[in-house]
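# Results of the structural survey
As a plain string of letters, each chain reads:
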Amino acid sequence: GKQRDAEVKDLLTRAAKQVQPIMRRKKWTVRVLSEFYPNSDNLLGLNVNRGQQVKVRVRLPGRVNQFYPFEAIMGTLLHELTHNEIGPHNSSFYKLLDEITEECESLMARGVSGSGSGFDAASSGRLGGSDVPVNPTLEARRQVALDAANERIKKQNLKNRGGRRLGGDS
């Protein structure tokens, strides 16, 4: 593992607990929430098969011991969770992302979060979830993630090459 893995796990656990009330209301599940550190500097997150696996970049590109601010990690997680319901980055996607971002900000402002159940902590720095205790092998997880990332890059390259909207206010 990389240095500061325990801090990464704590950040992802905190993020999972923060979005849990939204996930419960939307009836969304995520089987595995994990960190990833892709070669592509602008790839911040990945949702595999509508929540089977959600991966979030926590560490800054080229600086593995420096982390994105918690708010940025939350923004990426909310973006990826939105893909549980809507695949393409269309107006419906951004409308839902804006809605759950506002809800999350409201929950945070009131100090409301979940227990993390549905994201029950698993060993090896990953956060498991739902009621399926099966953890695929590291090689299988890597292959699924690689395939999904390559597919996403292909789709992105087919779309316009302009800037991408990741947050909720522009």
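In what follows, the structure referred to is the one given above.
Residues numbered from 1 in each chain as written. Predicted model: local features only at pLDDT ≥ 70, side-chain atom pairs only at ≥ 80, totals over all residues. Heavy atoms only, no water.

### Quick notes on the environment of Lys27
What counts is decided by this rule: For helices the rule is a DSSP run of H or I covering at least 4 residues; for strands it is a run of E covering at least 2, with both sets numbered from the N terminus onward.
With respect to the helices and strands, Lys27 occurs in the loop between helix H1 (5-26) and strand S1 (32-35). For Lys27 and Asn84, which are 57 residues apart along the polypeptide, the C-alpha to C-alpha distance reads 9.9 Å.

### Here we look at the environment of Val19
With respect to the helices and strands, Val19 occurs in helix H1. A sequence separation of 94 residues divides Val19 from Ser113, and the C-alpha atoms of the two residues are 7.1 Å apart.

### Section: helix H2 (residues 70-82)
Rules: To estimate how far a helix should reach, multiply one less than its number of residues by 1.5 Å. Buried means the residue's accessible area, taken with a 1.4 Å probe over protein chains only, is under 20% of the maximum for its type, while exposed means over 50%, and partly exposed covers the values in between.
With 13 residues, H2 extends 18 Å from end C-alpha to end C-alpha; this agrees with the ideal 18 Å at 1.5 Å per step. Within H2, 10 of the 13 residues are buried, which leaves the element mostly enclosed by the surrounding structure. If you check which residues of H2 are buried, you get Phe70, Ile73, Met74, Thr76, Leu77, Leu78, His79, Glu80, Leu81 and Thr82.

### Quick word on the packing of aromatic side chains
Put simply, the test is: Centres within 6.5 Å are what make two rings of Phe, Tyr or Trp a pair, Trp counting through its six-membered ring; a difference in plane orientation under 30 degrees is then read as stacked, over 60 as edge-to-face, and the rest as tilted. Both a distance and an angle decide whether a charge sits over a ring: NZ of Lys or CZ of Arg must be within 6 Å of the ring centre and within 35 degrees of the ring normal.
Inspection of every chain in the model, using the stated rule, returns 1 aromatic pair. Look at Phe93 and Tyr94: their rings are 5.1 Å apart centre to centre, the planes differ by 85°, and that puts the pair in the edge-to-face class. On the basis of relative accessibility, which here comes to 0%, the residue Phe93 falls in the buried class. Here the basic side chain of Arg14 rests over the ring of Phe70, its NZ or CZ set 3.5 Å away from the ring centre.

These values are about where atoms sit, not about what they do.
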